[in-house]
Amino acid sequence: MLQTDQYNINIGPIHPSTHGGLHVEAVMDGETIVDAIVHVGYVHRAVEKIAESRTYTQFIPYASRLDYLASHLPTMGYVQTVEKMLDIHVPERAEYIRIIMGEFSRIASHILFVGSLAIDLGATTGFTYCMRDREKILDLFEMTSGQRMIASYMRFGGFAEDLPEEFIPAARNFLKNIPQMFDEYNHLLSGNEILQARLKNIGVLSAEDAINYGITGPNLRASGVDYDLRKAEPYGIYDRFAFDVPLGEKGDNYDRFMVRLQEIEQSGRIITQALDQLPEGEIRAKIPRIVKPEKGLEVYHRIESAKGELGYYIVSDGGEKPYRLHVRAPSFINLMVLPLISRGGKLQDIIANIATLDPVLGEADR
Amino acid sequence: MEHFFVNTAHALVAWLTGLGLAPGWADLILLVVQWIAVIIIVILNITVLIWLERKVSGFIQQRLGPNRLGPFGMFQTIADAIKLLTKEDIVPSQTDRMIFKTAPMVFIIISVMLYVVIPMGDGMEIVDLNVGLFYFISIGSLSTIALLMAGWGSNNKWSLLGGMRSVAQMISYEIPLAFSLLGVVMITGSLRMSDIVAAQSNIWFVVLQPIAFITYFISATAELNRGPFDMPEAEQELTSGAYTEYTGMRWALFFLAEYTNLVAVSALMATVFFGGWQGPWLPSWLWIIIKTYLILNVFFLIKWTFPRIRMDHLMSFSWKFLIPVSLANILLTGAGIEVLMRMGW
């Protein structure tokens, strides 16, 4: 018998497929993974500490920068948390616009997920197709706030500006093209035999493990657990819309991929309904210029972000700055399951596993 | 136009002997000229090919591709070559210097050697070896060593993985590659390239040997380390694999060698399966260029559409599928030849 040795190989922090500064220390036996150790913190920006030295309003742009791929969703979570503290009622129109912007963000994030998965598997063409489609959403964001990626469009009690005239036709046009988009993705990616061989039965995460690890979002639903905060605990006006929660069966990489593809469709459904029902009226509630919640107020609020359950915990000491702000970052918690699903796989699988867990390192490291 | 290059060669020899040179010396000078011609062909091809691949991939990916330098960005490759030539040549301190430095040279020399036996037109092979096809396969398999040298000499785990992968992959795909060509050899009864081309004057071997063609195409893609089989490089996983530590012109030499191999294999495919230089109206050397470039475009299409296959799938695909299929093809061809001979063909 040949004497063989295990060796460690460092995937990242500088590596083409780690989606930012992620460092995975893989213990390898040949090409087989014995163990994987996740090191995070390379993109740590002390966002929670920064929050303590900024006023409530000043923190809105920082919240956008948590999950920069779906920037409206973390902003929405933060804004709603503060509104919950101050008991502000948001005007109807603003609520609808929030749904529209949030779901567009989710679509943008999921499209980028498909694209980055494609490029991690070596299918560069899938990546450019997805980027092309995501551009259209970024164009929509640019119309509303002038910013493409990190749009600090939301304010406490509503929005900074109303939707421009050209937004609604452009948004409807995008929604009309979703089936055609899917046709291309299915031809190029999900129908491809190599891609299926690379994803099916790889990185299996059982429902039990997913719950034990605190996995949320599409990753949890891919394991077959029907838990979507938009349905389970509707925030905002999500209870007014009809949509399905796509579920996977096995919890392998292919399920995680397909669940996200189907979520794009469902988000499209929500946006269509919201555009149809969009009322006229105010877009911003009357709130004091300087936000000062009562002393000793503690609030936790959670939303279903593109990556999972995003929660904000804010403690107020009566000043104009939060005493403490904590973010429950789904990317960070989802990433912790990587060693479990990677063990026993091949080196190439770990890349696919990272891609399908879809972490955003800006959110994981905060 | 048909015999332009052949006539030029004859004229050169005649002129040299006219100057009073012994015929042996004249032939030697001709050989040197032919080698220079091959190197020029290789370099010109690569300049065009890199540009073409970028344009084709741009077309597939709905981008423009290079479009700044010259018409349709045609001078982009030249600009890139100048950039690579002027880059700092970094040899990391922990490498095995000798092996690290020679690996790219070995690779490019081996790939240029492939051109010796390819008939680039009517009577335009440099040496018409009686074991031409065998020579091509055996020289082609040597490039494994260059990749292993690069992987091992770099003293980097990623590179080592890339090098090891390339060895495993190339050895596995060598076998179906050789087996698929055997069917053609059985029909022709010769390993000489000119005989193989001559045997296709009525019908191309792609019609007679479709299974062999498909197995050859797949194993050639793997042998060339091109997508979806670009394991040794695998940018997304191995951060460029065996080439990770290389910079500047050393890296570019690997790149050149890969393209040189690509052209050689496509030209061989045109020769063995698509009637070589034979074709109506146009001169023979133009026909082989047209056929080679059409095949190259198929390689491009495949590379830019498919995801990368996994290493163990790749190995089992070769051993469990391609080798049995190519063996069955040999059996089928043998039976077919026997039956046809009894029928009095």
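Residues numbered from 1 in each chain as written. Chains lettered and ligands numbered in written order. Predicted model: local features only at pLDDT ≥ 70, side-chain atom pairs only at ≥ 80, totals over all residues.

S.K.: Hey, could you run me through the overall build of chain B in this one?
M.R.: Along chain B, the regular secondary structure elements total 13 helices and zero strands. For chain B, the N- to C-terminal ordering of α and β elements is α-α-α-α-α-α-α-α-α-α-α-α-α. A compact globule built from 345 residues would reach a C-alpha radius of gyration of about 20 Å, and chain B, at 21 Å, matches this within 12%. Projected onto its principal axes, the C-alpha coordinates of chain B cover approximately 65 × 60 × 40 Å. If you take every contact in chain B between residues at least 6 apart in sequence, the share linking residues at least 24 apart comes to 76%. (Helix = DSSP H or I, 4+ residues; strand = E, 2+ residues; numbered from the N terminus. Rg over C-alpha atoms; globule rule 2.2 N^0.38 Å. Contact = placed C-beta atoms within 7 Å.)

S.K.: Help me out: how do you make sense of the overall build of chain A in this one?
M.R.: In terms of regular secondary structure, chain A is built from 16 helices and eight strands. Here chain A has a C-alpha radius of gyration of 21 Å; the compact-globule value for 366 residues is 21 Å, and the two agree. Dimensions along the principal axes, computed over C-alpha positions, put chain A at roughly 75 × 45 × 35 Å. Burial statistics for chain A: of 366 residues in total, 49% are counted as buried. The long-range share in chain A, meaning contacts at least 24 apart out of those at least 6 apart in sequence, stands at 71%. (Buried ≥ 20, exposed ≤ 12 C-beta atoms within 10 Å, placed from the backbone.)

S.K.: Even after reading the chapter, I still don't get the interface of chain A and chain B, so can you show me in this structure?
M.R.: The figure often quoted for interface size is the accessible area lost as the parts come together. Each side of the interface is counted separately: chain A has 25 residues, and chain B has 21 residues. Secondary-structure elements contributing two or more residues to the side of chain A that touches chain B are β1 (7-11), α4 (92-120), α5 (124-145), α8 (193-199) and α15 (347-357) of chain A. Residue composition of the side of chain A that touches chain B, grouped by class: twelve nonpolar, eight polar and five charged. (Nonpolar A, V, L, I, M, F, W, Y, C, P; charged D, E, K, R; others polar.)

S.K.: Explain helix α12 (residues 284-305) of chain B here, please?
M.R.: A turn of α-helix holds 3.6 residues, and therefore any two residues three or four places apart point the same way. All names here are of chain B. Taking 1.5 Å as the rise per residue, α12 with 22 residues should run 32 Å; its terminal C-alpha atoms sit 32 Å apart, in good agreement. When α12 is considered as a whole, its buried residues turn out to be Ser284, Trp287, Ile288, Lys291, Thr292, Ile295, Leu296, Phe299, Phe300 and Lys303. Against the buried residues of α12 lie α2 (23-60), α9 (210-223) and α11 (248-273). (Expected span 1.5 Å × (residues − 1).)

S.K.: Explain the nonpolar core to me, please; I cannot follow it from the model alone.
M.R.: The tendency in soluble globular proteins is for nonpolar side chains to be buried as a group. Ranked by internal contacts, the top residues of the largest apolar core, which has 99 residues, are Ile100(A), Phe104(A), Ala108(A), Val114(A), Ala118(A), Leu338(A) and Ile350(A). It is α4(A) that provides the largest number of residues to this core, a total of 16 residues. Look past the residues within four positions of Val114(A) in its chain and what remains in contact with it is Cys130(A), Tyr185(A), Leu189(A), Arg260(A) and Leu261(A). Counting residues in each nonpolar core, the second largest holds 81 residues, with Val117(B), Val265(B), Trp277(B) and Phe299(B) among its members. (Core = buried A, V, L, I, M, F, W, Y, C linked by C-beta atoms within 7 Å.)

S.K.: In this structure, what is going on with the environment of Ile97(A)? I would like to understand it.
M.R.: Residues and elements named next belong to chain A. Tracing the backbone through its elements, the reader meets Ile97 in helix α4. Looking at Ile97, the number of C-beta atoms within 10 Å reads 24, which means it is buried. Contacts of Ile97, omitting those with residues within four sequence positions, involve Phe159, Leu163 and Ile283.

S.K.: When you look at the pairing of strand β7 (residues 309-317) of chain A in this model, what are you seeing that I'm missing?
M.R.: One face of the sheet, then the other: side chains in a regular strand alternate in exactly this way. Residue and element names in this part refer to chain A. With eight bridges joining them, strand β6 (residues 295-304) and β7 adopt antiparallel strand pairing. When the sheet's bridge partners are listed, Glu298 is paired in β7 with Val315. A loop of four residues connects β6 with β7, the two strands running antiparallel in sequence, and Gly308 in this loop sits at a positive phi of about 150°. Taken together, the six bridges between β7 and strand β8 (residues 322-328) define a ladder with antiparallel strand orientation. In the strand pairing of β8, Val315 is matched with Arg324. The hairpin turn running from β7 into β8, its antiparallel successor, is four residues long, and Gly318 in that turn takes a positive phi close to 85°. (Pairing = 2+ DSSP bridges.)

S.K.: I'm lost on the sheet that holds β1(A) in this one. Help?
M.R.: Strands belonging to one sheet form pairs held by backbone hydrogen bonds; the direction of such a pair is parallel or antiparallel. All names here are of chain A. With antiparallel pairing, three strands are arranged side by side in an open sheet as β1-β2-β3. This sheet does not close on itself; its edge strands, each paired only once, are β1 and β3 (32-39). Strand-to-strand twist across the sheet, computed as the mean angle between neighbouring axes with direction ignored, equals 25°. Direction of pairing for β1 relative to strand β2 (residues 23-29): antiparallel, over a ladder of five bridges. Across the sheet, residue Ile11 finds its bridge partner in β2, namely Val24. (Axes fitted to C-alpha atoms, helices over the stretch in contact; angles between N-to-C directions.)

S.K.: Hey, could you run me through the packing of α4(A) against α5(A) in this one?
M.R.: How two helices sit against one another is set out by the angle between their axes and by the gap between those axes. Residue and element names in this part refer to chain A. Axis separation between α4 and α5 bottoms out at 7 Å; the angle between their running directions is 165°. Taken together, the axes of α4 and α5 are roughly antiparallel relative to one another. By crossing handedness, the relation of α4 to α5 is classed as left-handed. Residue-level inspection shows Phe104, Ile107, Ala108, Ile111, Leu112, Val114, Gly115, Ser116, Ala118 and Ile119 of α4 in contact with α5, the latter providing Thr124, Gly126, Phe127, Cys130, Met131, Asp133, Arg134, Ile137, Leu138 and Leu140. Along the lines of polarity and charge, the residues of the contact of α4 with α5 split into 14 nonpolar, four polar and two charged. (Parallel < 35°, antiparallel > 145°, perpendicular 65-115°, else oblique. Left-handed = near helix turned anticlockwise from the far one by under 90°.)

S.K.: Is there a simple way to explain the environment of Ile194(A) in this structure?
M.R.: By the secondary structure assignment, Ile194(A) is in helix α8. Linking Ile194(A) and Leu121(A), residues 73 residues apart in sequence, is a C-alpha distance of 9.5 Å. Discounting residues that sit within four places of it in the chain, Ile194(A) has contacts with Pro228(B), Phe306(B), Pro307(B) and Ile309(B).

S.K.: How should the sheet that holds β7(A) be read in this particular structure?
M.R.: Residue and element names in this part refer to chain A. As summarised here, the arrangement of the three strands in space is β6-β7-β8, forming an open sheet in which the pairing is antiparallel. In this open sheet, the two strands that pair with only one neighbour each are β6 and β8. Across the sheet, the mean angle from the axis of one strand to that of its neighbour is 10°, orientation sign disregarded. The strands touched by helix α3 (residues 72-86) are β6 and β7; relative to β6, the strand with the most contacts, the crossing angle is about 145°.

S.K.: Would you explain helix α6 (residues 157-188) of chain B in this entry?
M.R.: Residues and elements named next belong to chain B. Its 32 residues place the ends of α6 46 Å apart at the C-alpha level, agreeing with the 46 Å of an ideal helix rising 1.5 Å per residue. Leu182 marks the point of greatest bend in α6, at about 25°. At the exit of α6 stands Gly189, carrying a positive phi of roughly 75°. (Bend = angle between axes of the 7 residues up to and from the residue.)

S.K.: Please clarify how the packing of α6(B) against helix α13 (residues 311-342) of chain B should be interpreted in this entry.
M.R.: Residue and element names in this part refer to chain B. With their axes 9 Å apart at the nearest point, α6 and α13 run at an angle of 10° to one another. Of the possible angle classes, the one that applies to α6 and α13 is roughly parallel. Relative to α13, α6 is oriented so that their crossing is left-handed. Broken down by class, the residue content of the contact of α6 with α13 amounts to 17 nonpolar, nine polar and one charged.

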